[in-house]
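If you want the building blocks of each chain, they are given just below.
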Amino acid sequence: MTLGGIPWQAYFQRVLSSSSATYAQVLSFLAAFGCLVMALPAVLIGAIGASTAWNETGYGVPDPMSNKEADMILPIVLQYLCPVYISFFGLGAVSAAVMSSADSSILSASSMFARNIYQLSFRQNASDREIVWVMRITVFLFGASATAMALLASSVYGLWYLSSDLVYIIIFPQLLCVLFVKGTNTYGAIAGYLFGLVLRITGGEPYLYLQPLIYYPGCYPDENNIYIQRFPFKTLAMLTSFFTNIIVSYLAKYLFESGILPPKLDFLDAVVARYSREHMDKATLVKSDNIVLNELAPVNPRHSLTLSSTFTNKEAFNYVDSSPELSNTEDN
């Protein structure tokens, strides 16, 4: 959960919006201590719920732990241990916070899909209207998927753990390759993503009642006959995704640069795109030694507002007007 909590979009959105790198670092450390402080109210509410004599309250017996409602201890404490007005505002605040987080997460996921995947990878020339419709469709799909996960999961903590789990396996290797491994490209990223996702799904998930397809050593069935993996297959999936990203990236780079594969097969523009005219910038034009002049895109000269003023030498006309010899010759 520690490594899976690093590459979160919400965190990097605030890091990239910082005015300087120093401010981003200070903000990160302060946020770490802030998370510890904000965890104290939850710990206190849990301690209150564990030490309460529930037979003396309106909740009755058995206690929430025996009823397997320990994950609902916050609304239970607000409802049975607080005055009515505190319960009203407390439950309303919790509901508003949950709905706000849910709709912002779905909207950010759909916008990132429409921009980073659909437009950049498949439809570079897509119009704004098309992107908006893609966002609307993905909002519906992501909302339906989130609803299904909420209905199938038995614990809110399980959903949080599952999201951190998926980020750790799928996105964390991509972050390592982008920051610390030079030469990785889109082909390796896609291959690593797919390998990690397949290994994670085939390992099963008790929170979603998903039976494993690969039974690693030490697995055993629980009371619901769902097999629990003792083997650290999640770390295995993460490492597989990481090394697959590196191997496929360097393999694709070797195949294209050695000429084994023609440049036209680089449909993702991940290896030979720096030699194309559309993706060429000034730094590439100056530093590349294998670019000849006839490969450069033609540059149109910049004209002034009127064509006559471009070829008119105003100083020469002023000299003619002020010269008496030219004036006499013109009169004769």
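- Under an unreviewed UniProt entry, the name given to the chain is Solute carrier family 5 member 7, and the organism recorded is Strix occidentalis caurina.
- Database annotation for the chain, UniProt heading Sequence similarities (unreviewed entry): "Belongs to the sodium:solute symporter (SSF) (TC 2.A.21) family."
- Annotation of the chain in UniProt includes, under Subcellular location (unreviewed entry), the sentence "Membrane".

1. A few points about a nonpolar patch on the surface
Item 1. The grouping of Y85, I86, F88 and F89 at the surface amounts to a nonpolar patch, some 500 Å² of accessible area in total.
Item 2. Among the structural elements, Y85 can be located in helix α4 (residues 84-122).

2. Focus on the packing of aromatic side chains
The description of an aromatic ring pair uses the distance of the two centres, along with the angle that the planes make with each other.
Item 1. For the structure on display, the rule yields twelve aromatic pairs.
Item 2. Aromatic pair Y11 and F12: ring centres 5.2 Å apart, planes at 75 degrees, arrangement edge-to-face.
Item 3. A residue is classified by how much of its surface remains accessible, and Y11, at 35% relative accessible area, is partly exposed.
Item 4. Through pairs of rings, three or more aromatic residues link up here, namely W54, Y59 and Y80.
Item 5. In this structure, R136 is placed above the aromatic ring of W133, and the distance from its NZ or CZ to the ring centre is 4.7 Å.

3. Focus: helix α7 (residues 186-202)
Item 1. Across its 17 residues, α7 extends 24 Å between first and last C-alpha, which sits within 8% of the 24 Å expected from 1.5 Å per residue.
Item 2. All of the buried residues along α7 are Y187, G188, A191, G192, G196, L199, R200 and T202.
Item 3. Each element contacted by the buried residues of α7 is listed here: α6 (156-180) and α8 (233-257).
Item 4. Here α7 starts with a cap whose side-chain oxygen sits 3.2 Å from the backbone nitrogen of Y187, and that cap is N185.
Item 5. Of the residues trailing α7, G204 is marked for its positive phi of about 85 degrees.

4. Some details on the nonpolar core
Item 1. One finds Y168, I169, I170, F172, L199, Y216, F233, A237 and M238 forming the largest nonpolar core, which totals nine residues.
Item 2. Aside from chain neighbours lying at most four places away, what touches I170 is Y193 and L197.

5. Topic: the packing of α4 against helix α5 (residues 128-152)
Item 1. Across the interface, α4 lies against α5 with an axial gap of 8 Å and an inter-helix angle of 130 degrees. Here α5 runs oblique to α4, going by the angle between their axes. Seen along the crossing, α4 lies across α5 with a hand that is right-handed. Of the residues in α5, those touching α4 at I106, L107, A109, S110, S111, F113, A114, Y118 and Q119 are E130, I131, V134, M135, T138, V139, F142 and G143.
Item 2. Of the residues contributing to the contact of α4 with α5, the split by class is eleven nonpolar, five polar and one charged.

6. Quick word on the environment of L151
Item 1. Tracing the sequence through the fold places L151 in helix α5.
Item 2. Note on L151: relative accessible area 70%, which makes it exposed.
Item 3. When the C-alpha positions of L151 and L208 are compared, they lie 9.4 Å apart, and in sequence the two are 57 residues distant.

7. Description of the pattern of salt bridges
Item 1. Applying the stated criterion across every chain yields a total of four salt bridges.
Item 2. Here R123 makes a salt bridge to E130, at a shortest N to O gap of 2.9 Å.
Item 3. Its salt-bridge partner being R200, residue E205 comes within 2.2 Å of it at the nearest N-O pair. Just as E205 is buried, R200 falls in that class too.
Item 4. Through salt bridges with shared partners, a single ionic network connects D165, R200, E205 and K234.

8. Observations concerning unusual backbone geometry
Residues other than glycine predominantly adopt negative phi, and peptide bonds predominantly adopt the trans conformation.
Item 1. Note the cis peptide between V61 and P62, where omega equals -5 degrees.
Item 2. Structurally, the position occupied by P62 is in the loop between α2 (21-51) and α3 (73-80).

9. Description of the UniProt feature "transmembrane region" (unreviewed entry) in the chain
Item 1. Here, UniProt's "transmembrane region" (unreviewed entry) annotation points to residues 26-52, 72-98, 131-153, 159-181, 193-216 and 236-256.
Item 2. Secondary structure content for residues 131-153 is 96% helix and 0% strand, and the end C-alpha separation is 32 Å.
Item 3. Secondary structure content for residues 193-216 is 42% helix and 0% strand, while the C-alpha to C-alpha distance between its ends is 21 Å.

What counts, and at which threshold
All chains use their own residue numbering, which begins from 1 and follows the written sequence. Predicted model: local features are reported for residues with pLDDT of at least 70 only, side-chain atom pairs are reported and counted for 80 or more only, and whole-chain, interface and lining totals are derived from all residues. The side-chain numbers reported here are obtained from all heavy atoms of the structure, hydrogens and water having been left aside. UniProt positions are given in the numbering used here, feature names are shortened, and annotations may be inferred rather than shown by experiment. Only residues above 30% relative accessible area that lack a salt bridge enter a patch, with like-charged residues linked at up to 9 Å and the nonpolar side chains Val, Leu, Ile, Met, Phe, Trp and Tyr linked at up to 5 Å. The Shrake-Rupley method, run with a 1.4 Å probe sphere, supplies the accessible areas, and residue values consider only the shown protein chains as cover. Take a side-chain nitrogen of Lys or Arg and a carboxyl oxygen of Asp or Glu: if they are within 4 Å of each other, that pair is a salt bridge. Starting at the N terminus, helices and strands are each numbered in turn, a helix being any DSSP run of H or I of at least four residues and a strand any DSSP run of E of at least two. By convention, a stacked pair of Phe, Tyr or Trp rings (six-membered ring in the case of Trp) has centres within 6.5 Å and planes under 30 degrees apart, an edge-to-face pair has planes over 60 apart, and any other such pair is tilted. Residue burial is assigned from relative accessible area. The probe radius is 1.4 Å, only protein chains are included, and a residue is buried under 20% of its type maximum, exposed over 50%, and partly exposed in between. Here, a charge over a ring means that NZ of Lys or CZ of Arg falls within 6 Å of the ring centre while also lying within 35 degrees of the ring normal. Multiplying 1.5 Å by the helix residue count minus one yields the expected span of that helix. By the convention used here, residues are in contact when the closest approach between their heavy atoms is within 4.5 Å. Polar contact is defined as a pair of N or O atoms within 3.5 Å, subject to the rule that within protein one atom must be able to donate a hydrogen and the other to accept it, and that residues adjacent in sequence are counted only when both atoms are side-chain atoms. By nonpolar core we mean a set of buried residues, namely Ala, Val, Leu, Ile, Met, Phe, Trp, Tyr and Cys, connected to one another through side-chain atoms within 4.5 Å. To get an axis, fit a line to the C-alpha atoms, keeping to the stretch in contact for a helix; angles then go from 0 to 180 degrees between the N-to-C directions. Every angle not falling under 35 degrees, over 145, or within 65 to 115 is termed oblique; those three ranges are roughly parallel, roughly antiparallel and roughly perpendicular. A clockwise turn of the near helix away from the far one marks a right-handed crossing, whereas an anticlockwise turn of less than a right angle marks a left-handed crossing. Residues were grouped as follows: Ala, Val, Leu, Ile, Met, Phe, Trp, Tyr, Cys and Pro as nonpolar; Asp, Glu, Lys and Arg as charged; and all remaining residues, including Gly, as polar.

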